[in-house]
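So you can see what is in the structure, the chains are spelled out below.
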Amino acid sequence: MNFLSLTPMQMDALREVGNVGAGNAATALSEMVGRAIDMNVPALGIVPFCEVSEHMGGAETLVAGVYICVTGEAPASMLFVLPLDSACGLVDMLMGRPIGTTVTIGEMEESALKEIGNILTGTYLRALSMFTQITFEQSVPALAIDMAEAINSVVLAMVADVGDHALLLETEFKGAAQNIKGSLFLIPQEGTLEKILASLGLA
Amino acid sequence: MLVKVGMADLKTAKAPANLMTAGLGSCIGICLFDPVAKIGGLAHIMLPLSTQARSSDNKAKFADTAIPVLVDDMIKLGASKSRIVAKIAGGAQMFAFPGTSDVMRIGDRNAESVVNGLKKMNIPLLARETGGNFGRTIELNTTTGMLHIRTVDRGEKVV
């Protein structure tokens, strides 16, 4: 399917599915860190490859990215991206330390971030699965801390044999007082969008 | 002046305009240079082979199709094919998974395909900064032919 040919109704449906998934993910994150986490209404965009990193603060912005590969009948990539200072703050919250304690990401901090990505993705996919009756299997999380463009290139390469655009379903999470933000991206592979839309009766 | 090249794109420039591309991960920056005409070309490729793709309309996206197009564009600008030399950077493996799949080895496969493509066109490869698990931002100086490589925490390098 050409992303560019999605109808407004299909876009709305995808946004709504994303909304429920992200809502559950925000609740899970909030329970993990013991604080209120807000989320915005998910943005659905069909974005040219060269503009994807603009959604992550710019090509050379230093970010932490947790990548999870989704396999099964509807393969996709999930990427949780957050600016480095937000990543450090989130680790502090998770470990019950005063915000500002973590300044570098070591082995323990890496595990914490991977686990956060894992739980966000798992919650998100469970909601998606409930709507669509599609079973998603998720890989173990992998983490990279580097320039935004370098991180997203890996994910975009997986959909690059079909076109030059990625469908981004983006939800921004914010820790109310802590100035922490991160975005969760769902990037469906070829065929996945049709399956999701078909299961919603909108193919 | 700095000419920016985005992902899956290619551009040429004549000195003193330099060429740059930011945040190469598994992608590869192919830098071609004619030292006499002082003309450079930079392609930011994402995938090794157009023949394996569903859609190969964008020639700049693939190692095998980007090189000939880049050479043609440089010749149009006044470069001579026999003088063109190459430097490449990128092709990292950003994420490490246990039991790494073929998809995750995309950086290596890109590098192999670029090297083969250059060989096929008899373009000497003067410098190769590929692999690792970190991103690179590169800038080709079209006056000197030097390639500047920046990383987040592995310093800078000029090749």
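The sections below set out a description of the structure shown in this document. Everything quoted here is computed from the prediction, not taken from an experiment.

Calculation criteria
- Residues numbered from 1 in each chain as written.
- Chains lettered and ligands numbered in written order.
- Predicted model: local features only at pLDDT ≥ 70, side-chain atom pairs only at ≥ 80, totals over all residues.
- Pairing = 2+ DSSP bridges.
- Helix = DSSP H or I, 4+ residues; strand = E, 2+ residues; numbered from the N terminus.
- Axes fitted to C-alpha atoms, helices over the stretch in contact; angles between N-to-C directions.
- Contact = placed C-beta atoms within 7 Å.
- Buried ≥ 20, exposed ≤ 12 C-beta atoms within 10 Å, placed from the backbone.
- Nonpolar A, V, L, I, M, F, W, Y, C, P; charged D, E, K, R; others polar.
- Parallel < 35°, antiparallel > 145°, perpendicular 65-115°, else oblique.
- Left-handed = near helix turned anticlockwise from the far one by under 90°.

Re the sheet that holds strand E6 (residues 85-90) of chain B
Residue and element names in this part refer to chain B.
Alright, step 1. What the five strands build is an open sheet, ordered E2-E5-E4-E6-E7; its pairing is mixed. If you trace the sheet from one side to the other, it starts and ends with strand E2 (9-14) and strand E7 (125-130), each paired once. On average, adjacent strands in this sheet sit at an angle of 10° to one another, irrespective of strand direction.
Alright, step 2. Along the sheet face, helix H1 (residues 63-77) touches E2, strand E4 (28-34) and strand E5 (39-45) and points at about 160° away from the line of E5.

Quick word on the environment of aspartate 153 of chain B
Alright, step 1. Relative to the helices and strands, aspartate 153 of chain B is located in the loop between strand E9 (147-150) and strand E10 (156-158).
Alright, step 2. Residue class for aspartate 153 of chain B comes out exposed when judged on the 8 C-beta atoms lying within 10 Å of it.

What about the interface of chain A and chain B?
Alright, step 1. With 27 residues of chain A at the interface, the matching set in chain B holds 30 residues.
Alright, step 2. Ranked by residue count, the leading element in the side of chain A that touches chain B is helix H4 (residues 148-157) of chain A, at eight residues.
Alright, step 3. Within the side of chain A that touches chain B, the residues separate by chemical class into 18 nonpolar, four polar and five charged.

Thoughts on unusual backbone geometry
Alright, step 1. The peptide bond linking alanine 15 of chain B to proline 16 of chain B adopts the cis configuration, its omega dihedral lying at 10°.
Alright, step 2. Unusually for a residue other than glycine, glutamine 133 of chain A sits at a positive phi of about 60°.
Alright, step 3. Along the chain, glutamine 133 of chain A turns up in the loop between helix H3 (107-132) and strand E5 (136-138).
Alright, step 4. For glutamine 133 of chain A, a count of 8 C-beta atoms within 10 Å gives the class exposed.
Alright, step 5. The residue lysine 38 of chain B is not glycine, and still its phi comes out positive at about 55°.
Alright, step 6. With respect to the helices and strands, the residue lysine 38 of chain B is situated in the loop between E4 and E5.

Let's talk about the pairing of E4 of chain B
Residue and element names in this part refer to chain B.
Alright, step 1. The element E4 is extensively covered by neighbouring structure, given that seven of its seven residues are classed as buried.
Alright, step 2. Across the two faces of E4 the burial is the same, with Ile28, Ile30, Leu32 and Asp34 and Gly29, Cys31 and Phe33 all buried.
Alright, step 3. Sheet topology places E4 next to E5; seven bridges connect them, and they run antiparallel. Across the sheet, glycine 29 pairs through a bridge with histidine 44, a residue of E5.
Alright, step 4. Hairpin connection, E4 to E5: the antiparallel pair is bridged by four residues, and lysine 38 has positive phi, about 55°.
Alright, step 5. Pairing between E4 and E6: six bridges, direction antiparallel.

Some remarks on the packing of H1 of chain B against helix H2 (residues 106-120) of chain B
Residue and element names in this part refer to chain B.
Alright, step 1. Taken N-terminus to C-terminus, the directions of H1 and H2 make an angle of 40°; their axes are 8 Å apart at the nearest point. On the basis of the axis angle, H1 is oblique to H2. In the packing of H1 onto H2, the handedness of the crossing is right-handed. Here Ala63, Asp64 and Ile67 of H1 lie close against H2, whose contacting residues are Asn110, Ser113, Val114, Gly117 and Leu118.
Alright, step 2. A class-by-class count of the residues in the contact of H1 with H2 yields four nonpolar, three polar and one charged.

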